[in-house]
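# Understanding the architecture of this molecule
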Amino acid sequence: VEGIPLSTEKDKDCLSPRHHFIRTQMVEAFCATEDDILGGKHNKKIHIGQVGIRCVFCSKVPYKERAVRSFCFPSSTTRIYQSVTVMIHHHFNTCSCISEKVRHTLLSLKNKAANGAANTNSKQFWVQSARDLGLVNTEHGMFFEKPPTGQNKKAKVEKSANAELLTSS
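Attention in this report is confined to the structure presented alongside it.

What counts as what
- Residues numbered from 1 in each chain as written.
- Predicted model: local features only at pLDDT ≥ 70, side-chain atom pairs only at ≥ 80, totals over all residues.
- Heavy atoms only, no water.
- Salt bridge = Lys/Arg side-chain N within 4 Å of Asp/Glu carboxyl O.
- Helix = DSSP H or I, 4+ residues; strand = E, 2+ residues; numbered from the N terminus.
- Buried < 20%, exposed > 50% of the residue type's maximum accessible area, 1.4 Å probe, protein only.
- Arc of directions from axis to C-beta.
- Phe/Tyr/Trp six-rings, centres within 6.5 Å; stacked < 30°, edge-to-face > 60°.
- Lys NZ or Arg CZ within 6 Å of the ring centre and 35° of its normal.
- Pairing = 2+ DSSP bridges.
- Axes fitted to C-alpha atoms, helices over the stretch in contact; angles between N-to-C directions.
- Parallel < 35°, antiparallel > 145°, perpendicular 65-115°, else oblique.
- Left-handed = near helix turned anticlockwise from the far one by under 90°.
- Contact = heavy atoms within 4.5 Å.
- Nonpolar A, V, L, I, M, F, W, Y, C, P; charged D, E, K, R; others polar.

This model, assessed by the stated rule, comprises three salt bridges. Of the charged contacts, one joins Glu 28 and Arg 54 as a salt bridge, the two residues approaching to 2.7 Å between their closest N and O atoms. Remark: Arg 54 occurs in strand S3 (residues 51-55) and Glu 28 occurs in strand S2 (residues 27-31); sequence separation between them is 26 residues. When its relative accessible area of 1% is taken as the criterion, Glu 28 is described as buried. Linking Glu 100 and Arg 103 is a salt bridge whose minimum nitrogen-to-oxygen distance equals 3.4 Å. In this pair, Glu 100 and Arg 103 both sit in helix H5 (residues 100-108), three residues apart, roughly one turn of the helix.

What follows is the structure, given as structure tokens:
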């Protein structure tokens, strides 16, 4: 299932270079399918169409072969930041699908300061950018307010520097 880049055009102006890199190159939003529900281990009930966040590098690998924390289903837009932080600490260091070049870039960006006033508003930016992507909170988790159309998906994917990883012909 095709993913949607988590990044927005405002990322580079509002986030640290590291978070900008992670959102444009390493994670994507996706809608849960029956395979996602049956294949992954979940602490809570997941619904078809519920939006999750996953590592773009191992998203095509069978669940059993992925490193821990390769995906998550945040309960709301306010939990996306925390969910990605967990992936940074528990998944990206062990994912065998991530190249050494990407790992090196991620490490080199670790101590780069945020642009502008991003330090004080970073978590709120993550919430607002999720809303800008069309995500809404429900009692069953996050969903797209309107299913992303092929045109919207394509436009968002083309903005991502790793488009060939995110699209399938």
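Don't stop here, the text continues.
The next point concerns helix H4 (residues 80-90). Along H4, the residues that are buried comprise Ile 80, Ser 83, Val 84, Met 87 and Ile 88. For H4, the angular spread of the buried residues around the axis is 145 degrees, confining them to a single face.

Tallying each qualifying case throughout the model produces four aromatic pairs. When the centroid spacing of 6.0 Å and the interplanar angle of 75 degrees are considered together, the rings of Phe 71 and Phe 73 count as edge-to-face. As far as the burial class goes, Phe 71 and Phe 73 line up, both buried. Three or more aromatic residues joined by ring pairs make a cluster, and in this case those are Phe 30, Tyr 63, Phe 71 and Phe 73. Seen from the ring of Trp 126, Arg 23 lies directly overhead, with NZ or CZ sitting 4.6 Å from the centre. The cationic tip of Arg 66 hangs over the ring face of Tyr 63; the distance from NZ or CZ to the ring centre is 4.0 Å.

The next thing to look at is the pairing of strand S5 (residues 135-138). Both S5 and strand S6 (residues 141-144) contribute to a ladder of four bridges, which runs antiparallel. Within S6, the residue paired with Asn 137 across the bridge is Met 142. Linking two consecutive strands that pair antiparallel, namely S5 and S6, is a turn of two residues.

The next subject is the packing of helix H2 (residues 17-26) against H5. Running from N to C, H2 and H5 point in directions that differ by 155 degrees, and their axes come no closer than 9 Å. In terms of axis orientation, H2 runs roughly antiparallel to H5. In the packing of H2 onto H5, the handedness of the crossing is left-handed. Seen from H2, the contacting residues are Arg 18, Phe 21, Ile 22 and Met 26; seen from H5, they are Val 102, Thr 105 and Leu 106. Class assignment for the residues of the contact of H2 with H5 results in five nonpolar, one polar and one charged.

As a packed pair, H2 and H4 sit with axes 12 Å apart at the nearest point and diverge in direction by 90 degrees. Classified by the angle their axes make, H2 and H4 are roughly perpendicular. Residues Arg 18, His 19 and Ile 22 of H2 pack against Tyr 81, Val 84 and Ile 88 of H4. Across the contact of H2 with H4, the residue classes break down as four nonpolar, one polar and one charged.

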